[in-house]
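# Remarks on the overall topology
Here is what each chain is made of, one letter per residue.
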Amino acid sequence: MAHGEILGWVSRHFCMLVSVDGSTDMSLPKFIVGMLFALAIVISWSYFDGASLGTILLRAEICVAISQAGYFLLVFLMVARSTPTVADRMREAERGLGAPKAAKGEKFSARRSIR
């Protein structure tokens, strides 16, 4: 088995966050598996450290909150960096066709005069 094949096998079977070619591939199932592993590590560490049940639950809650915030930020960055698709560009072009252009300095208002 070559090195790339091993990485591919590990990536497919253990839901790693980086694929074989190095591109980021963050999906919800991978996130959940990773979060559960992190949570298990935090709970185990807290238990073997002799922490009380309340401390263990607090640490677990903080771990989950940090993981969710990180996932949100990663997905947000992936969406922000994505290039527009052909359909997105066509939609923008169609929106611009029917809309009248405003003169420089012209202000739009939703007010209607009553006459």
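As a reminder, the structure under discussion sits directly above these lines.
Figured I'd write up the structure that's included with this text. (Residues numbered from 1 in each chain as written. Predicted model: local features only at pLDDT ≥ 70, side-chain atom pairs only at ≥ 80, totals over all residues. Heavy atoms only, no water.)

The subject of this paragraph is the pattern of salt bridges. What the rule picks out here adds up to 1 salt bridge. For Arg59, the salt bridge identified is with Asp49, shortest N-O distance 3.9 Å. On the criterion of sequence distance, the pair formed by Arg59 in helix 3 (residues 53-81) and Asp49 in the loop between helix 2 (28-48) and helix 3 is long-range, its members being 10 residues apart. (Salt bridge = Lys/Arg side-chain N within 4 Å of Asp/Glu carboxyl O. Helix = DSSP H or I, 4+ residues; strand = E, 2+ residues; numbered from the N terminus.)

Bringing the packing of aromatic side chains into the picture now. Taken as a whole, this structure holds 3 aromatic pairs when the rule is applied. Ring geometry for Tyr47 versus Phe48: centroids 5.4 Å apart, planes at 70°, classification edge-to-face. Of the residues examined, Phe48 reaches a relative accessible area of 70% and is grouped as exposed. For the pair Phe72 and Phe76, a centre-to-centre distance of 6.2 Å together with 20° between the ring planes defines the contact as stacked. Residue Phe72 and its partner Phe76 are both found in helix 3; the two are separated by 4 residues, about one turn of the helix. When sorted by exposure, Phe72 lands in the same class as Phe76, which is exposed. Seen from the ring of Trp45, Arg59 lies directly overhead, with NZ or CZ sitting 4.3 Å from the centre. (Phe/Tyr/Trp six-rings, centres within 6.5 Å; stacked < 30°, edge-to-face > 60°. Buried < 20%, exposed > 50% of the residue type's maximum accessible area, 1.4 Å probe, protein only. Lys NZ or Arg CZ within 6 Å of the ring centre and 35° of its normal.)

In this fold, Ser67 is placed in helix 3. With residues up to four places along the chain from it excluded, the contact list for Ser67 reads Phe31 and Met35. (Contact = heavy atoms within 4.5 Å.)

The next point concerns helix 3. Along its 29 residues, helix 3 runs 42 Å from first to last C-alpha, staying within 8% of the 42 Å computed at 1.5 Å per residue. If you follow the buried residues of helix 3, they end up packed against helix 2. (Expected span 1.5 Å × (residues − 1).)

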